[in-house]
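# A closer look at the structure
In case you want the letters, here they are:
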Amino acid sequence: MWHRMGIKITEYGPDRVVGTMPVSGNRQPYGLLHGGANAVLAESLGSTAAALHARPERIAVGLELSCTHHRAATEGLVTGVATPLHQGSSTATYEIVITDARGKRTCSARLTCVLRDQPPGQ
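The structure presented is a predicted model; accordingly, all values stated were derived computationally and were not measured.

Bringing the overall build of the protein into the picture now. Check the secondary structure of the protein and you find 2 helices and 6 strands. The N-to-C order of helical and strand elements in the protein reads α-β-β-α-β-β-β-β. For the protein, the C-alpha radius of gyration of 14 Å lies close to 14 Å, the compact-globule estimate for 122 residues. When its C-alpha atoms are laid out on the principal axes, the protein stretches across 45 × 25 × 25 Å. Out of the 122 residues belonging to the protein, those deemed buried represent 39%. Of the roughly 6900 Å² of accessible surface on the protein, 51% is carried by carbon and sulfur atoms. Distance between charge centres in the protein, computed from 12 positive and 9 negative side chains, equals 6 Å.

Okay, here's the thing in structure tokens:
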């Protein structure tokens, strides 16, 4: 899905994951960035951050995603920044702020992932 949406990770670490996504190709019929595309970007960045926190012996699985769409993006790239709100042993929650090419916030998202042991044989 990342390839289809044009998502690119530009920075990653234990306390911050940053990525971009083009508006072009991810618009709804009115020419605005589709809200579902915001959700895909948010979950992609937040789940990457959770996987980094979980470490190789564990996996992160999305539990809840909430998105608030503040303003429309119509062109260029949007940038998402995921930062931790909570990093526990069984769950991790991230705030993902998505901004347009002018730096204006277009979406605020929150993702909670459950952290589980790696399935046997994986």
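Quick look at the pattern of salt bridges now. With the rule as written, the count across this model stands at 3 salt bridges. For Arg58, the salt bridge identified is with Asp117, shortest N-O distance 3.3 Å. One end of the pair, Arg58, is in strand β3 (residues 58-69); the other, Asp117, is in strand β6 (residues 105-117), with 59 residues separating them in the sequence. Between Arg102 and Asp100 there is a salt bridge; the shortest N-O distance is 3.2 Å. What makes Arg102 exposed here is its relative accessible area of 62%. On the basis of relative accessible area, Asp100 is assigned to the buried category, the value being 8%.

Spatially, β1-β2-β4-β5-β6-β3 is the arrangement adopted by the 6 strands of the open sheet, whose pairing is antiparallel. The outermost strands of the open sheet, each flanked by one partner alone, are β1 (8-13) and β3. Sheet twist, expressed as the mean angle between neighbouring strand axes with direction ignored, is 20 degrees. The pairing of β3 with β6 spans 11 bridges and is antiparallel. Bridge pairing links Cys67 to Ala109 in β6.

Conventions and cut-offs
Residues numbered from 1 in each chain as written. Predicted model: local features only at pLDDT ≥ 70, side-chain atom pairs only at ≥ 80, totals over all residues. Heavy atoms only, no water. Helix = DSSP H or I, 4+ residues; strand = E, 2+ residues; numbered from the N terminus. Rg over C-alpha atoms; globule rule 2.2 N^0.38 Å. Buried < 20%, exposed > 50% of the residue type's maximum accessible area, 1.4 Å probe, protein only. Areas by Shrake-Rupley, 256 points an atom, 1.4 Å probe, with all protein chains shown as cover. Lys, Arg positive; Asp, Glu negative; His and termini not counted. Charge placed at Lys NZ, Arg CZ, Asp CG, Glu CD. Salt bridge = Lys/Arg side-chain N within 4 Å of Asp/Glu carboxyl O. Pairing = 2+ DSSP bridges. Axes fitted to C-alpha atoms, helices over the stretch in contact; angles between N-to-C directions.

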